[in-house]
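# Remarks on the overall topology
Listed here are the chains, written in short residue letters.
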Amino acid sequence: MTLELFEHPALTSAAARLSTLRAAAGRIGAPDPVAALRHLDCAPSEIRTSAAAVDSGSTVVTTAASEFRTGVDLAETGGSAETFGTWADTVDGQYAEAARAAAATAALGERIADYLDALAVSTSAEVAAIAEAAEPAASAVLSDDRSAEVVSTVSGACASVVRTVQRKVSSLSSLAAELEPLTTPAVDLS
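This write-up is about the structure you can find in this document.

Cut-offs applied
Residues numbered from 1 in each chain as written. Predicted model: local features only at pLDDT ≥ 70, side-chain atom pairs only at ≥ 80, totals over all residues. Heavy atoms only, no water. Helix = DSSP H or I, 4+ residues; strand = E, 2+ residues; numbered from the N terminus. Core = buried A, V, L, I, M, F, W, Y, C linked by side-chain atoms within 4.5 Å. Buried < 20%, exposed > 50% of the residue type's maximum accessible area, 1.4 Å probe, protein only. Contact = heavy atoms within 4.5 Å. Salt bridge = Lys/Arg side-chain N within 4 Å of Asp/Glu carboxyl O. Axes fitted to C-alpha atoms, helices over the stretch in contact; angles between N-to-C directions. Parallel < 35°, antiparallel > 145°, perpendicular 65-115°, else oblique. Left-handed = near helix turned anticlockwise from the far one by under 90°. Nonpolar A, V, L, I, M, F, W, Y, C, P; charged D, E, K, R; others polar.

## Here we look at the environment of Ala 35
- Mapped onto the elements of the fold, Ala 35 is located in helix 3 (residues 33–37).
- Spatially, the C-alpha atoms of Ala 35 and Arg 22 are 9.1 Å apart, while their sequence positions differ by 13 residues.

This is how it looks when you write it as structure tokens:
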């Protein structure tokens, strides 16, 4: 049997621990417990890398805003200082707003990565426990035992894995409200 690889190492580990249950499920036509894990596969480390890049970008914007403000302060001492100052204040505000949005986005990325990581780890532990409890029945099915008790145990374990994954996936809806602000531009440049 080949090792099923996932983006998240905890799910790869869970898939390995589900291998006997998966083989038994295939023999009796029960849902594939490893396939259910695909719905939760994620790469928190990639999200963290992206969040760090956005956070670095916010630092660059903050520095640029500071340099811009210094230039504005020097330029405001010239001829049309009032008009220039109004325009400069608008641009300065856009810089600040962009920097705040970038920092908030980076922080959100970190929270999402942490949440997904914890979700994958907890799911892995839960489904591994289900597989462990069903191991004797799964082994019996693989030894051609088709008694009602072992078939029911294997089917029930597979269904339990699927329900666990569905419950975990449904918890992702709590992130929707946090992601909503990212659907609109952070700064209106008009």
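## Brief notes about the nonpolar core
- Residues Leu 18, Leu 21, Leu 37 and Val 154 are the most contacted members of the largest nonpolar core, which totals 34 residues.
- It is helix 5 (residues 81–142) that contributes the most residues to this core, 13 residues altogether.
- Contacts of Leu 21, omitting those with residues within four sequence positions, involve Pro 33, Ala 131, Ala 134, Ala 138, Val 154, Ala 157, Cys 158 and Val 161.

## Quick look at the pattern of salt bridges
- Applying the stated criterion across every chain yields a total of 11 salt bridges.
- Note that Arg 38 and Asp 41 form a salt bridge whose closest N and O atoms lie 3.5 Å from each other.
- With a relative accessible area of 35%, Arg 38 lands in the partly exposed category.
- Accessibility expressed as a relative area gives 24% for Asp 41, which makes it partly exposed.
- Through salt bridges with shared partners, a single network forms among Glu 4, Arg 22, Asp 32, Arg 38 and Asp 41.

## Structural notes on unusual backbone geometry
- The backbone of Asp 144 shows a phi angle near 70 degrees, a positive value even though the residue is not glycine.
- For Asp 144, the location among the structural elements is in the loop between helix 5 and helix 6 (148–170).

## Thoughts on the packing of helix 2 (residues 19–28) against helix 6
- Interaxial distance between helix 2 and helix 6 falls to 10 Å at its minimum, and their mutual angle equals 115 degrees. In terms of their interaxial angle, helix 2 and helix 6 are classed as roughly perpendicular. With respect to the hand of their crossing, helix 2 and helix 6 are arranged in left-handed fashion. Every residue of helix 6 that contacts helix 2 at Leu 21, Ala 24, Ala 25 and Ile 28 is listed here: Val 151, Val 154, Ser 155, Ala 157, Cys 158 and Val 161.
- Considered class by class, the residues forming the contact of helix 2 with helix 6 number nine nonpolar, one polar and no charged.

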